[in-house]
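Survey of secondary and tertiary structure
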Amino acid sequence: MTSGFSRISTYDLEVLNAVAETGSFHRAAKRLHVGQSAVSRRVQNLENLLGVSLFERSTKGATLTVAGRRFARSSRTVLEEIDRAVSEAQSAGIGLNGCLRIGSTLSFSNGAERRLVQNFLRKHPETDLSFLEATRRELLTMLSHREVDVLFSSCAPIDENGDGLVLDHEEMVLAVPCDSAFAQEKRVAWKKIGDETFLVSKRDSGPDIFRFLSAKLRKNGALAHMRHVDLSREALMVLVGLGEGVSVVGAHARGVQYPNVKFIPVGNADERIPFSLTWRPGNDNPSLRRFVSLARIEARRNGALS
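Anyway, here's the lowdown on the structure attached to this text. From a predicted model like this one, the values you see are computed outputs, not experimental measurements.

**A closer look at the overall build of the protein**
- Of regular secondary structure, the protein possesses nine helices and eleven strands.
- Relative to the compact-globule value of 19 Å for 306 residues, the protein shows a C-alpha radius of gyration of 31 Å, a clear excess of over 25%.
- With the C-alpha coordinates of the protein rotated into their principal frame, the extents come out at 100 × 40 × 30 Å.
- Within the protein, residue pairs in contact and separated by at least 24 positions form 73% of the contacts whose partners lie at least 6 positions apart.
- Looking at the protein as shown, the accessible area adds up to about 16,200 Å², and 49% of this sits on carbon and sulfur atoms.
- Here the protein carries 42 positive and 35 negative side-chain charges, and the mean point of each set is 5 Å from the other.

Dropping the structure here:
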């Protein structure tokens, strides 16, 4: 855009459209609550900048020229887009609209995470939620660069990563083939599964599960046989169902059924791991504040927050 065109303001376009819609400089002035001479000067300045006549003037009023019709049509689009942008920004500012980007290493098939998201959607249906699955380290990097607003992970929040809260504590379950001897157990002790081949994903919560699993097996004197696979949670469960090994996941994963896979509680009933929420304190997204507020209610409901 040249320096001349850059001097065209949205008010110039509003004046142009007022004259076009009323067909009169006089009626346009009344609508805009200004003098007729001010309207005439605005239109004349536009015509001088564009180098074309926008109206044919007569004692009966003002009629758009061919160039004027095209310019008025384009200017209406510009004004409508500006109005829409202002409206969306204001709506987002008061929480009536907006976007919340959620990063997660967890499944939303069951548990506190799912309840929180469902509750937020019910209370704030206008907010656009977007979801991204990655490892916790990847998501923390994205959190630092505002690529996500909040993240769910299977560990306690760490102060250096930002603000956080424990949403719930869940027991771990062992995913086994339905025809496995373990499938008949009500609960499996860690020492009984030390010789199994554990399938661990390199994605999502896989790295966190690996650290948890290694510590538990080591504590119980078992040498872990780990098979790391670059597969999603769903694809890993397919391998379990095919008899390629077993896997350990949070109890919330039981919200989904997989072919020939059964989930059995593992370890002592009081052995639970924290599932937490982390966000950056400097993030002023109104939707994030409302999400965290509901998360605190959910945490208290689960006894995770006093």
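**A word on the packing of aromatic side chains**
- Within this structure, the stated rule accounts for seven aromatic pairs.
- A ring pair is formed by F25 and F55, whose centres lie 5.9 Å apart and whose planes are at 65°; its orientation type is edge-to-face. Taken together, the residues span a long stretch of sequence, with F25 in helix α2 (residues 25-32) and F55 in strand β1 (residues 55-58) at a distance of 30 residues. Across the pair, exposure class does not vary: F25 and F55 are buried alike.
- Their ring planes at 65° and their centres at 5.4 Å tell us that F108 and F131 sit as a pair that is edge-to-face. With F108 in the loop between β3 (99-104) and α5 (111-123) and F131 in strand β4 (residues 128-133), the pair connects residues that are 23 residues apart, well separated along the chain.

**Re a positive patch on the surface**
- Taken together, the side chains of R69, R70, R73 and R76 make up a positively charged region of the molecular surface.
- Looking at the element boundaries, R73 is found in helix α4 (residues 66-93).

**Some words on the packing of α2 against helix α3 (residues 36-50)**
- Where α2 contacts α3, the axes come no closer than 8 Å and their chain directions differ by 110°. Judged by the angle between their axes, α2 and α3 are roughly perpendicular. Judged by residue contacts, F25, H26, A28, A29 and L32 of α2 engage Q36, V39, S40 and V43 from α3.
- Broken down by class, the residue content of the contact of α2 with α3 amounts to six nonpolar, three polar and no charged.

**Considering empty space enclosed by the protein**
- With the rule as written, the count across this model stands at two cavities of 30 Å³ or more.
- What the largest cavity holds in volume is close to 190 Å³.
- What lines the largest cavity is a set of 24 residues, and nearest its centre among them are S205, I209, R233, V248 and V249.
- Among the elements of the structure, β7 (197-201), α7 (206-219), α8 (233-241), β9 (247-250) and β11 (272-279) are those that each provide at least two residues to the lining of the largest cavity.
- The element best represented in the lining of the largest cavity is β9, accounting for four residues.
- Residue composition of the lining of the largest cavity, grouped by class: twelve nonpolar, nine polar and three charged.
- Considered as a void within the structure, the second largest cavity measures approximately 40 Å³ in volume.
- In terms of lining residues, the second largest cavity is bounded by R136, L140, L151, S153, C155, A156, P157, I158, N161, S276 and T278.
- Every element with two or more residues in the lining of the second largest cavity is listed here: α6 (136-144), β5 (150-153) and β11.
- Residues that form the lining of the second largest cavity fall into these classes: six nonpolar, four polar and one charged.

**Comments concerning the pattern of salt bridges**
- Scanning the model with the defined rule gives 14 salt bridges in all.
- Where R136 meets D208, a salt bridge forms, and the shortest distance between an N and an O atom there is 3.1 Å. Residue R136 is located in helix α6, and its partner D208 is located in helix α7; the two are separated by 72 residues in the primary sequence. Just as R136 is buried, D208 falls in that class too.
- With a closest N to O distance of 3.1 Å, R203 and D230 form a salt bridge. Taken together, the positions of R203 in the loop between β7 and α7 and D230 in the loop between β8 (225-229) and α8 put the pair 27 residues apart, joining distant regions of the chain.
- A residue is classified by how much of its surface remains accessible, and D230, at 48% relative accessible area, is partly exposed.
- A network of salt bridges, in which partner residues are shared, links R115, E298 and R301.

The rules behind these values
- Residues numbered from 1 in each chain as written.
- Predicted model: local features only at pLDDT ≥ 70, side-chain atom pairs only at ≥ 80, totals over all residues.
- Heavy atoms only, no water.
- Helix = DSSP H or I, 4+ residues; strand = E, 2+ residues; numbered from the N terminus.
- Rg over C-alpha atoms; globule rule 2.2 N^0.38 Å.
- Contact = heavy atoms within 4.5 Å.
- Areas by Shrake-Rupley, 256 points an atom, 1.4 Å probe, with all protein chains shown as cover.
- Lys, Arg positive; Asp, Glu negative; His and termini not counted.
- Charge placed at Lys NZ, Arg CZ, Asp CG, Glu CD.
- Phe/Tyr/Trp six-rings, centres within 6.5 Å; stacked < 30°, edge-to-face > 60°.
- Buried < 20%, exposed > 50% of the residue type's maximum accessible area, 1.4 Å probe, protein only.
- Patch = residues over 30% accessible without salt bridge, like charges linked within 9 Å, V, L, I, M, F, W, Y side chains within 5 Å.
- Salt bridge = Lys/Arg side-chain N within 4 Å of Asp/Glu carboxyl O.
- Axes fitted to C-alpha atoms, helices over the stretch in contact; angles between N-to-C directions.
- Parallel < 35°, antiparallel > 145°, perpendicular 65-115°, else oblique.
- Nonpolar A, V, L, I, M, F, W, Y, C, P; charged D, E, K, R; others polar.
- 1 Å grid on protein atoms, 1.4 Å probe; cavity = no way out; pocket = protein on both sides within 12 Å on 5 of 7 lines; lining within 4 Å.
- Points joined across faces, edges and corners; volume = space filled by probe spheres on them.

Functional significance is not addressed by these values, which are geometric in nature.
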